[in-house]
Amino acid sequence: MDNSDRPLSPHLGIYRPQLTSLLSIAHRGSGIFLTLGTLLLVYWLLALAEGPESYARAQAFFGSALGRLILFPWVFALFYHLCNGIRHLFWDMGMGFEIQTVYLSGKIVVTAATLLTLAAFGMGYYMHGGGA
Amino acid sequence: MSMRTPLARVRGTGSAKYGVHHWWAQRLSAIALVPLFLWFVASMTAVATAVVSVVAVMSTAWGG
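Residue positions are counted from 1 within each chain, in the order its sequence is given. Throughout, the order in which chains and ligands are written sets their labels, letters from A for the former and numbers from 1 for the latter. For a predicted model such as this one, the threshold for reporting local features is a pLDDT of at least 70, and the threshold for listing and counting side-chain atom pairs is 80 or more; totals across whole chains, interfaces and linings nevertheless cover every residue. Values reported for side chains reflect all heavy atoms of the structure, with hydrogen atoms and water molecules removed beforehand.

K.L.:
When you look at the overall build of chain B in this model, what are you seeing that I'm missing?
P.N.:
Of regular secondary structure, chain B possesses 3 helices and 0 strands. Element order for chain B, N to C, with α for helix and β for strand: α-α-α. For a compact globule the rule gives 2.2 Å times the number of residues to the power 0.38, and the radius of gyration it is set against comes from C-alpha atoms. Relative to the 2.2 N^0.38 estimate, which gives 11 Å for 64 residues, the radius of gyration of chain B is 23 Å and therefore markedly larger than a compact globule would have. For the purposes of this entry, the term helix denotes a DSSP run of H or I that reaches at least four residues, the term strand denotes a run of E that reaches at least two, and both are numbered from the N terminus.

Here you go:
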């Protein structure tokens, strides 16, 4: 029997992207990105264990334009995953499922993650004396 | 009419009964990660900007 023209249940491609779905995907994405970033953390620790010269090389890499291009989104992913994780904890307690609340908490998470990232880098540059 | 398989009915047990433990372990580790994440970022920022020496951080249990 040919079933090919039977209706399909709606899937990802049929929905217009919404804040809720985008943040959900971003939570997965940031989690994967954070896991990949731990490889760099291991590299940093290995360089530290190897001695001053290799540590200086690692520090130079993380301080370079490419290093900062990786570090900035990584720190943002970390804060986003942290804030959205707290949002998930509320959901686990059955709280905040009303549609307005879901959108509001989503906007709060994005704002908080952005502010925390800027604060972390602002503090870093401030403590470093405003230079490279 | 029961929907359970004959084996489950014989054993008298439904699920593996690990669900609640797993749920709590996941929640508690997630909550514990909140302060740990903040500590991690703060200490890494301090090390990266040479406010404290990395040797000093690694020499103590507290990292600071």
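Picking up after the structure, the text goes on.
K.L.:
Please explain helix 3 (residues 65-92) of chain A as it appears in this structure.
P.N.:
Structural remark: α-helix, 3.6 residues per turn; residues separated by three or four positions point the same way. The length a helix should cover is 1.5 Å for every residue beyond the first. With 28 residues, helix 3 of chain A should reach 40 Å at 1.5 Å per residue; the first-to-last C-alpha distance of 40 Å fits that figure. Of the residues flanking the end of helix 3 of chain A, it is Gly94(A), one or two places downstream, whose phi is positive at about 80°.

K.L.:
Teacher, can you tell me more about the interface of chain A and chain B here?
P.N.:
The accessible area lost on association of the parts is a frequent measure of interface size. Across the contact, 17 residues belong to chain A and 18 residues belong to chain B. Surface buried jointly by chain A and chain B totals about 1,600 Å² across both partners, of which 86% is contributed by carbon and sulfur atoms. In short, buried area is how much 1.4 Å probe accessible area vanishes from two parts on joining, totalled over both. Taken as a group, Leu82(A), Leu89(A) and Met127(A) account for 29% of the area that chain A buries against chain B, more than any other trio of residues on that side. A side-chain nitrogen of Lys or Arg and a carboxyl oxygen of Asp or Glu constitute a salt bridge if their distance falls within 4 Å. For the interface between chain A and chain B, the tally reads 1 salt bridge. Working rule for contacts: check all heavy atoms of both residues, and any pair within 4.5 Å makes them a contact.

K.L.:
When you look at the confidence of the model for chain B in this model, what are you seeing that I'm missing?
P.N.:
For residues with low pLDDT, the predicted coordinates do not support detailed interpretation. All names here are of chain B. Per residue, pLDDT measures the predictor's confidence, with a range of 0 to 100. Predicted confidence across chain B gives a mean pLDDT of 81, with 91% of residues reaching 70 or more. Within chain B, helix 1 (residues 6-11) has the poorest average pLDDT of any element, 74, and helix 2 (residues 19-48) the best, 90. Interface confidence in the predicted complex, given as ipTM, is 0.79; pTM for the same model is 0.82.

K.L.:
Looking at this structure, how should I read the nonpolar core?
P.N.:
Soluble, globular proteins show a tendency: their nonpolar side chains are buried together. The biggest cluster of nonpolar side chains holds 16 residues, and the ones touching the most others in it are Val75(A), Leu78(A) and Phe79(A). Mapped onto this core, the elements with two or more residues apiece are helix 1 (19-50), helix 3 and helix 4 (99-127) of chain A together with helix 2 of chain B. Of all hydrophobic cores here, the second largest spans 8 residues; its members include Tyr55(A), Ala58(A), Val47(B) and Val57(B). Here, nonpolar core refers to any group of buried Ala, Val, Leu, Ile, Met, Phe, Trp, Tyr and Cys residues whose side-chain atoms link them within 4.5 Å. Exposure classes here rest on a 1.4 Å probe applied to the protein chains alone. A residue is buried below 20% of its type maximum, exposed above 50%, and partly exposed in between.

K.L.:
Just to check I follow, could you spell out the packing of helix 1 of chain A against helix 4 of chain A for this structure?
P.N.:
Describing two packed helices takes the angle between their axes plus the distance from one axis to the other. All names here are of chain A. What counts as an axis is a line fitted to C-alpha atoms, over the stretch in contact for a helix, and the angles between N-to-C directions run from 0 to 180 degrees. The interhelical angle for the contact between helix 1 and helix 4, taken along N-to-C directions, is 45°, at an axis separation of 10 Å. By the angle between their axes, helix 1 is oblique relative to helix 4. Considering the relative orientation of helix 1 and helix 4, their crossing is left-handed. Of the residues in helix 4, those touching helix 1 at Leu19, Thr20 and Leu23 are Val102, Tyr103, Gly106, Lys107 and Val110. Any angle that falls under 35 degrees is termed roughly parallel, while one over 145 is termed roughly antiparallel, one within 65 to 115 roughly perpendicular, and all others oblique. Note on convention: the crossing is left-handed when the near helix lies turned anticlockwise from the far helix by less than a right angle, right-handed when the turn is clockwise.

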